[in-house]
Amino acid sequence: MRTSWADSVAKSASETVVSNNNSVPRPTRSTYVPPHLRSSAAADAPTPAGTPTERPSFNGNTGGSRWGGSGGTRPESGRQGQGNGYAAAGRDVGANDRNNRSGGWDSREREVNSFVNDDKVYDMKQGFSEQENTGINFDAYDDIPVEISGENVPSPVNTFAEIDLGETMNQNIRRCKYVKPTPVQRYAIPIALAGRDLMACAQTGSGKTAAFCFPIISGIMRDQYVQRQRGGRTVYPLGLILSPTRELSCQIHDEAKKFSYQTGVKVVVAYGGAPINQQLRELERGVDILVATPGRLVDLLERARVSLQAIRYLALDEADRMLDMGFEPQIKKIVEQMDMPNRSVRQTMLFSATFPREIQRLASDFLSNYIFLAVGRVGSSTDLIVQRVEFVPESDKRSHLMDLLHAQRENGEHGKLQALTLVFMETKKGADSLEHWLCINGFPSTTIHGDRSQQERELALRSFKSGKIPILVATDVAARGLDIPHVTHVVNFDLPNDIDDYVHRIGRTGRAGKTGLATAFFNESNMTLARPLAELMQEANQEVPAWLTHYASQAPYGSNKNRRSGGHFGGCDFRREESFGKNLDYYGEEIVVLHSEFLPITVECMLLVSQVHGIRSSLSTGLFFTCFSGMYIYIYSIGFPRLFYVFTFSIRF
DNA sequence: AAAAAAG
């Protein structure tokens, strides 16, 4: 096993920390039904805000709240621990057993207090001031622009009190120190509680995770009891949350556990790189909400250890990544080719900071009559992140970085606070080599990328988060969604090729309403990024260096891929494009109008002669459309409309 | 072209 110098330093340090954190022993079983919900729970069941879902109730069963009624509830536990027949994985499901996922009737203390860890971590980081830990800077969220579209949009709320999720969850919200909902929560939660599908564009760190977790948890609590079949060791989660990286799944799981503390809703995480047996055991103990990465989930589905038959809530985090070329087949398989209820039965929510419209097109297959929500990007295109671009030739990058780090160290800009610096590199090898170089030059650092073992990845992240190692060199595995407080500086040592990736990367700082700095090293190899980067910075009222403006003006209008739309949003509802409909539903029409942004110029080469009927598939841009032989189409990609006669459509990837 | 995700 490869272990870097920095990690071994961190290991000795973090091991003590870890043992401290885990001083609360993990119970053998963590699901739990709180006392106040055991007998007369109907009265305590949270009242759903907004109108109930239009979807058919799951089993047509109207037999009261899952938590209500007397069937299956017992005032006290006759047995302890594993001996509790109600919690045993393979027990019979009696007619009165209304909840075969919920655990036993242990005392309240049996559930791990998800909030304990937080405090310990905070104690450990003595450098962090009190004030910095008190949640989110809400002033930073005033006057955030919001775009919303769709039919019958539920009204937003202004306070958590308006979306009363029940006493247990309200208490958890208070424990999380959430004072009032963030903009994305204000809009998304009522939409989700009303049972509507949702496509939401909002920066992570703006409260996205809570925005989809609260409704799912409260939905599961409120849903009528469903008699569930058990096939051998197969488990049937009700909610599924997918994310593109293992670390992000862990993070969502941690948060979801806080939100569901003492609600009886069991959240389990499954991801690759970790021993599957432990995850299987965890699943066997019961699962209501499964948080997973796609690969491991497919594995579990193929082993028939998990069935998606009972899924009523599906959430994709970082949905644009999940639907890009690398992931899309796996996601399609999970959502459309396994046993998941179709989109009119389940409720589907997609979240991301950016939503290119090709991705929206793909995503719309998963959604039914959805609402599109875009909340201005907190922290990336606002004043919260200061963006700098410097022209640095490839060969000077290391010494330039060294200069920055030295300056940072000397200025002590952040007082005694540990300033965390996140450095993004293009390749895994590059990350390793830079980390080594930094370490031998007096800057303790560590690295996270896909070639490291999961253990190493998690250790690296922990060491960085805790401030033990203040520099993390990362590939794009860390670009999305990770919430690492106190990252004050993001360095794009290598710029990404896609402007959206840049947006995600710099979003690792300026979290939760705090300010941050993002520095990018730009050189000849980044020319395709010149224009979109200059535009983005302009939009964000950042100082654009004259040389960048110059390069941007010389750059050709890139293909759609690098062009942003929607102003200060990560995207706008593609259904509002004038060409919508013509592109999607024109069976029987002969003329198709395609905007340049949808197609790269190479589309010309994709139209080939053949006698076969048109086929439905996607271009490399992710564009979907159906084409029939004999159809005429206009293509606007070359600056002026040109008419093509289609014999067939050839797909290139 | 690279990275991520299963082992």
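See the structure printed just above.
Residues numbered from 1 in each chain as written. Chains lettered and ligands numbered in written order. Predicted model: local features only at pLDDT ≥ 70, side-chain atom pairs only at ≥ 80, totals over all residues. Heavy atoms only, no water.

**A short note on the pattern of salt bridges**
(1) Moving on: Taken as a whole, this structure holds 22 salt bridges when the rule is applied.
(2) Moving on: Of the charged contacts, one joins Asp 324 and Arg 321 as a salt bridge, the two residues approaching to 2.8 Å between their closest N and O atoms.
(3) Moving on: Classification of Asp 324 as partly exposed rests on a relative accessible area of 24%.
(4) Moving on: For Arg 505, the salt bridge goes to Asp 476, with nearest N and O atoms at 2.8 Å. Here Arg 505 is found in helix α16 (residues 499-506), whereas its partner Asp 476 is found in the loop between β12 (471-474) and β13 (487-492), with 29 residues between them in sequence. (Salt bridge = Lys/Arg side-chain N within 4 Å of Asp/Glu carboxyl O. Buried < 20%, exposed > 50% of the residue type's maximum accessible area, 1.4 Å probe, protein only. Helix = DSSP H or I, 4+ residues; strand = E, 2+ residues; numbered from the N terminus.)

**Focus on the packing of helix α13 (residues 397-411) against helix α14 (residues 428-440)**
(1) Moving on: Axis separation between α13 and α14 bottoms out at 12 Å; the angle between their running directions is 50 degrees. Comparing the axis directions of α13 and α14 gives the class oblique. For the pair α13 and α14, the sense of crossing is right-handed. Along its contact with α13, which presents Arg 398, Ser 399, Leu 401, Met 402 and Leu 405, the element α14 presents Ser 433, Leu 434, Trp 437 and Leu 438.
(2) Moving on: Here the contact of α13 with α14 is built from residues that sort into six nonpolar, two polar and one charged. (Axes fitted to C-alpha atoms, helices over the stretch in contact; angles between N-to-C directions. Parallel < 35°, antiparallel > 145°, perpendicular 65-115°, else oblique. Left-handed = near helix turned anticlockwise from the far one by under 90°. Contact = heavy atoms within 4.5 Å. Nonpolar A, V, L, I, M, F, W, Y, C, P; charged D, E, K, R; others polar.)

**A word on helix α15 (residues 454-465)**
(1) Moving on: Helix length check: α15, at 12 residues, gives a terminal C-alpha distance of 16 Å against a target of 16 Å (1.5 Å per residue), a fit within 8%.
(2) Moving on: Within the sequence span of α15, burial applies to Gln 454, Glu 456, Arg 457, Leu 459, Ala 460, Leu 461, Ser 463 and Phe 464.
(3) Moving on: Following α15 by one or two positions, Gly 467 has its phi on the positive side, about 90 degrees. (Expected span 1.5 Å × (residues − 1).)

**Re the sheet that holds strand β9 (residues 385-391)**
(1) Moving on: Sheet architecture is open: six strands sit in the order β9-β14-β13-β10-β12-β11, paired in parallel fashion. Each edge of the open sheet is held by one strand with a lone partner, namely β9 and β11 (445-448). Ignoring which end each strand starts from, the neighbouring axes of this sheet average 20 degrees apart.
(2) Moving on: Its contacts with the sheet put helix α17 (residues 527-539) on β9 and β14 (516-522), and the angle it makes with β9 is roughly 150 degrees. (Pairing = 2+ DSSP bridges.)

**A word on α16**
Because an α-helix completes one turn every 3.6 residues, residues spaced three or four positions apart along the sequence face the same direction.
(1) Moving on: Across the eight residues that make up α16, a large majority, eight, are buried.
(2) Moving on: For α16, the full list of buried residues reads Ile 499, Asp 500, Asp 501, Tyr 502, Val 503, His 504, Arg 505 and Ile 506.
(3) Moving on: Residue Asp 498 occupies the N-cap position of α16, its side-chain oxygen lying 2.8 Å from the main-chain nitrogen of Asp 500. (Polar contact = N/O pair within 3.5 Å; in protein donor to acceptor, adjacent residues only side chain to side chain.)

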